[in-house]
Every structure is written in structure tokens, then in C-alpha cells.
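Remarks on the overall topology
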Amino acid sequence: MRILVTGGAGYIGSHTCVELLGAGYRVVVVDNLANSNEESLRRVQEITGKGLTFVKADLLDRAALDALFYEHPIDAVIHFAGLKAVGESVYKPLEYYHNNITGTLALCDVMRSHGVKSIVFSSSATVYGDPAQIPITEGCPKGEIMSPYGRTKGMLEQILTDLHTADPGWQVMLLRYFNPIGAHISGRIGEDPKGIPNNLVPYVSQVAVGKLEKLGIFGHDYPTPDGTCIRDYIHVVDLAVGHVKALGKMMGAVPKAGAVADSIKGGIGTSDRDAVGGVWVYNLGTGVGYSVLDVIHAYETANNIKIPYEFKPRRAGDVPVCYSDATKARDELGWVATHTLEDMCRDSYRWQSANPRGYEG
Ligand code: NAD
Ligand code: UD1
């Protein structure tokens, strides 16, 4: 099978390409390199010893997408491409809605015109807002989403579900990621944020290699055991393997009779969508929550270094506690995250110390 990976040069996309190639899929990547470097794909091929096809194009460029589908017969799409900086999205809502939503609409339209109706979509735990239950099952209602970025995820989940409602031939896999961190064990590919990192572990890694002086911990007065926020950190390689499992499930599935009527009855996010044949929702997390201080201590232990930090005021939009119930993916995809928090911290540091300037140096 030939899989089109949009945004495949990026952080999660590149790790997923490694796992897809390892599992015997053929891979075509489309990426505009807005937040990535083609070097990541060279290294994916180096790690796997297998080739892939790279097409540098923007999803908003329909003619380029159309040409890609003509040239490469595609069986299914894993759709990572999108802008993802939460804070930036507040100041650039038009850019985020245009890139993420219009880009996905263009992609789906071109897919449809080429008879490709299977898509795995990168959603996020952000759709649960301040979650109504902990741990978070897929049946947890969607909450108030805190940013334009997050709202693009909620809207795209709905749009892709509507596509299946209109044509049950569509296979739609919505994967809600918790907090991906870590890097491939080779240290050759990893997260390469542009500028000062917004997310915790990339920031810690840059402190660890001396690029940044000290970490600011946003808030230590939360209603948690040590006062810092709790998240479900998942190794990016586990996440990538989860995509291969989800793809396998989706491609083996046939929509059930009555799926259209069922999907019209239920509103997405208010119930578990697994009942509706061609739309699936899975949390991809470990099911375990760690605090910011837990992460710092694990990073220090795993790498035998000290991470200087200071407490700062809370960051707007942060929820105190967010971690998954990961049993549905285990039971239905046969997938569980196997890496520990220390593995994640060790692999993040290996990547950062071997590539202090990311793919640039
Ligand atoms: P990333 O920025 O490393 O990868 C996204 C890739 O998409 C980049 O290579 C970028 O150049 C490309 N891209 C963006 N817009 C494009 C367009 N219009 N046309 C073609 N290519 C385009 O991000 P990532 O961390 O690998 O995330 C991948 C996906 O997972 C994103 O959709 C993101 O929102 C989602 N997600 C990420 C996280 C996380 O913590 N990293 C959590 C939840 C969901
Ligand atoms: C953030 C986004 C979320 C997105 C996810 C992946 C927000 C509010 N949420 O999740 O929508 O899906 O990234 O891109 O931006 N922290 C510090 N100091 C730092 C950085 C982070 O203390 O310098 C803390 C945060 O307050 C949080 C935890 O570390 O408690 C994790 O933060 P982060 O890595 O940014 O992920 P999320 O906020 O969970």
C-alpha cells in the first residue's frame, strides 16, 4: 500500500514515516517545509534503509496536489500538515483557519476526485478543553476549546465526520494525541522548534544543552499534589506506532450498514463514535499523568544533569490536569505505549545534544 503523509517532514510525521517504512508501506510525503527541514526525510531514509518520495508543495496548491495524486496512486492519507503554535494562533487566527481548515478541505476534495477516501487525522486532547472527567475517555464531551489552533482541530473532526455522513465510503480515523515528546532512539530525528520553544520538554532540552538559562514553570498553585500541572506525556515513537496500528484497522474495515443514519443522530464529541462504522476516535496517550516537576526530575535522573528552574505565574489557557484513559486503543488497536518517562527524557536529550541547532547544524 502507498500512503500519502502530509506534513511528513515534521516532528511526528518523520517518526511515523520510519514506522510506516518499517512495516512495509510505501510512503509519499507532501510538505511545504513551513515548519520543517527536508533533512529530516533524508535521515528517515538513512534510519530505515528504505526510500520514500518527497513532493514539496502546499496543501493549498490544488494543482500540485492533483498532480501528486495522478503521479502516485495513493491508498490512504495520514494528515499531519498544519500550523500548531497555540499562542501564535491567538494572534493569527485567519492564517491558522486558512492553513489548517482550507488546506484540509483542498486535500479532501482532491482525494475525493481521485477516489481516495481513507484519512487518518491528527487531532489533539485539546478538543476536551478543561476535561469533564479524568482519566479522559473518548466518550468525554468536548469542552470549551481554548485557542484558534485547538478550534481548528474540533472543526476538522466535525468536517471529516460530515464527509463520512454524506458518503459512508469515507474511512475517517480521528487520533487525539496527548503530549508527544522524545525522539527516535538513533538521535537522528527529533523535534526541531523554530525560535524559543513553547512546549515543556523542548524548552527543558535547550536548558540541558545550555542554549537557554533556566526553565520557567508556569504556576505552582494548581490543585495537584505538587502544585504543577499534570499531563500525559507519550513517546513520539509510540505515537508513530499507534498510527500504523490505526491505519491497519481502518484499511481492514468496511463501513457498517446504517452508518449514515447513526452518524446523523449523534453529535461528534458527545458520544463514542466507534458505533458508526467509518468514523473512529482514539486517544493516543499512556493513561498516566506526570507533573511538570516529575518531568524535570525524570529528565535529571535519566541524563544525570541538573535543570535550573524558577516558578512563574500560570500560563493562560493551561488546564490543571489532563491525561487519557488509553484502554480503547489497547483493546481495539492492540496498541499500548511502551516507553517510560525516563526513556522519553533520555531520547529527547540524545537528540538535542547531538543536534544542538536541530537540522540546521
Ligand atoms: P510539525 O510542525 O513538526 O509538522 C507539521 C508539518 O506540516 C510541518 O512539516 C509543516 O511544514 C507542514 N505544513 C504545515 N502547513 C502545511 C501546508 N499548508 N502544506 C503542506 N505542509 C504544511 O508538527 P507536529 O508536532 O509534527 O504535529 C503534526 C500534527 O499533529 C499537527 O497537525 C499538529 O497540530 C498535531 N498535533 C501535534 C501535537 C504536538 O504536541 N506536537 C499534539 C496534538 C496534535
Ligand atoms: C500544548 C497546547 C495544546 C497542544 C499541545 C501540543 C497550550 C495551552 N496547550 O499543550 O493545545 O495540543 O501543546 O502542541 O498551549 N510548561 C512550563 N514551562 C514551559 C512550558 C510548559 O511550566 O516553558 C508547563 C505548562 O504550563 C504545562 C506543561 O508544562 O503545564 C506542558 O506544557 P506544553 O508542553 O506546552 O503542553 P500543553 O500545554 O499540555
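In short, a report on the structure. (Residues numbered from 1 in each chain as written. Chains lettered and ligands numbered in written order. Predicted model: local features only at pLDDT ≥ 70, side-chain atom pairs only at ≥ 80, totals over all residues. Heavy atoms only, no water.)

Points about unusual backbone geometry
The test is simple: Here a helix means four or more residues in a row that DSSP labels H or I, a strand means two or more in a row labelled E, and each is numbered from the N terminus. The classification of residues rests on relative accessible area computed with a 1.4 Å probe and restricted to protein chains. Under 20% of the type maximum is buried, over 50% is exposed, and intermediate values are partly exposed.
In this structure, the amide linkage connecting I134 to the following residue, P135, adopts the cis form with an omega of -10°. Turning to its location among the elements, P135 is positioned in the loop between strand 5 (118-124) and helix 6 (148-166). Phi at L33 is positive, roughly 60°, even though this residue is not glycine. By secondary structure assignment, the location of L33 is in the loop between strand 2 (26-31) and helix 2 (39-48). On the basis of relative accessible area, L33 is assigned to the buried category, the value being 18%. Even without being glycine, N304 reaches a positive phi, approximately 55°. Relative to the helices and strands, N304 is located in the loop between helix 10 (292-303) and strand 13 (309-312). According to the relative accessible area criterion, N304 is exposed, its value standing at 71%.

Structural notes on the pattern of salt bridges
Threshold: Put simply, a salt bridge is a Lys or Arg side-chain nitrogen that is within 4 Å of an Asp or Glu carboxyl oxygen.
Evaluated as defined, the whole model comprises 20 salt bridges. E310 is the partner of K214 in a salt bridge, and the nearest nitrogen-oxygen pair spans 3.8 Å. Of this pair, K214 sits in the loop between helix 7 (200-208) and strand 8 (215-218) while E310 sits in strand 13, placing them 96 residues apart in sequence. Judged by its relative accessible area of 32%, K214 is partly exposed. The salt bridge partner of R346 is D347, with a shortest N-O separation of 3.5 Å. Given the relative accessible area of 30%, R346 is considered partly exposed. One continuous salt-bridge network, built from bridges that share partners, spans E39, R42, R43, E46 and R188.

Structural notes on the site of ligand 2
Selection criterion: We call a residue near a molecule or strand whenever a single non-hydrogen atom of that residue lies within 4 Å of it. Whenever a nitrogen or oxygen atom comes within 3.5 Å of another N or O atom, the pair is scored as a polar contact, on the condition that within protein one atom can donate a hydrogen and the other can accept it, and that pairs from neighbouring residues in sequence are kept only if both atoms are in side chains. Surface accessibility follows the Shrake-Rupley procedure with a 1.4 Å probe radius. Residue values consider only the protein chains on display as shielding. Charged residues are taken to be Asp, Glu, Lys and Arg, nonpolar residues to be Ala, Val, Leu, Ile, Met, Phe, Trp, Tyr, Cys and Pro, and polar residues to be all remaining types, Gly included.
Inspection of the region around ligand 2 gives 19 residues, with L200, G216, R231, R315 and D318 positioned closest. Between an oxygen atom of ligand 2 and a side-chain N or O atom of S124, the distance comes to 3.1 Å. Measuring from an oxygen atom of ligand 2, one finds a side-chain N or O atom of D318 at 2.6 Å. Within the complex, the protein chains bury 87% of what would otherwise be the 740 Å² of accessible surface of ligand 2. Taken together, the residues that form the shell around ligand 2 break down as nine nonpolar, seven polar and three charged.

Focus on the site of ligand 1
Taken together, 25 residues form the shell around ligand 1, and within it I12, D31, N35, S36 and Y149 come nearest. Within the backbone of I12, a nitrogen or oxygen atom sits 2.8 Å from an oxygen atom of ligand 1. N32 is positioned such that a nitrogen or oxygen atom in its backbone is 3.1 Å from a nitrogen atom of ligand 1. Protein chains shield 95% of the accessible area of ligand 1, which is 810 Å² for the free molecule. Of all the secondary structure elements, the ones that give two or more residues to the shell around ligand 1 are helix 1 (11-22), strand 5 and helix 6. Among the elements that line the shell around ligand 1, the one with the most residues is strand 5, at three residues. For the shell around ligand 1, the per-class residue count stands at eleven nonpolar, ten polar and four charged.

Observations regarding the packing of aromatic side chains
So the rule is basically this: Pairing of aromatic side chains here covers Phe, Tyr and the six-membered ring of Trp, requires ring centres within 6.5 Å, and sorts the geometry by plane angle: under 30 degrees stacked, over 60 edge-to-face, intermediate tilted. Criterion for a charge above a ring: Lys NZ or Arg CZ within 6 Å of the ring centre, and within 35 degrees of the ring normal.
Inspection of the entire model under this criterion finds four aromatic pairs. Relative to Y359, the ring of W351 has its centre 5.0 Å away and its plane inclined at 55°; by these criteria the two rings are tilted. Look at W351 and you get buried, because its relative accessible area is 3%. Residue classification places Y359 among the buried residues on the basis of a relative accessible area of 9%. The ring centre of Y222 lies 4.0 Å from the NZ or CZ of R314, which sits over that ring. Lying over the aromatic face of Y282, K328 brings its terminal NZ or CZ to 4.6 Å of the ring centre.

A word on the nonpolar core
In summary, soluble globular proteins display a tendency toward joint burial of nonpolar side chains. Stated formally: Here, nonpolar core means buried Ala, Val, Leu, Ile, Met, Phe, Trp, Tyr and Cys residues that are tied together by side-chain atoms lying within 4.5 Å of each other. Note on definitions: a residue-residue contact is assigned when non-hydrogen atoms from the two residues lie within 4.5 Å.
Core analysis: the largest hydrophobic core is formed by 41 residues, its most contacted members being L20 and L247. No other element matches helix 8 (residues 236-251), which puts seven residues into this core. Setting aside chain neighbours within four positions, we find L20 in contact with I3, V5, Y25, V27, I78, V244 and L247. V28, V30, L65 and V279 belong to the second largest nonpolar core, which has 25 residues in total.

Things to note about helix 7
Counting buried residues along helix 7, eight of its nine residues qualify, which places the element largely inside the surrounding structure. Considered for burial, the residues of helix 7 that qualify are L200, V201, P202, V204, S205, Q206, V207 and A208. Buried positions along helix 7 lie against strand 7 (179-181), strand 8, strand 10 (233-235), helix 10 and helix 12 (341-354).

Section: the sheet that holds strand 6 (residues 171-177)
Threshold: Pairing between strands is defined by DSSP: at least two bridges between the two strands are required. An axis is simply a line fitted to the C-alpha atoms; with a helix, the fit covers only the stretch in contact. Between two such axes, the angle follows the N-to-C directions and lies from 0 to 180 degrees.
Strand order in the open sheet formed by seven strands is 3-2-1-4-5-6-11, and the pairing between neighbours is parallel. Here the strands that pair on one side only, and so sit at the sheet edges, are strand 3 (53-56) and strand 11 (279-284). Put simply, the sheet's adjacent strands are angled 20° from each other on average, direction ignored. Alignment of strand 5 against strand 6, held across seven bridges, turns out to be parallel. Bridging across to strand 6, S122 finds its partner in L175. Running at roughly 155° to strand 5, helix 6 makes contact with strand 5, strand 6 and strand 11 of the sheet.

Read these as layout, nothing more, since geometry by itself doesn't imply function.
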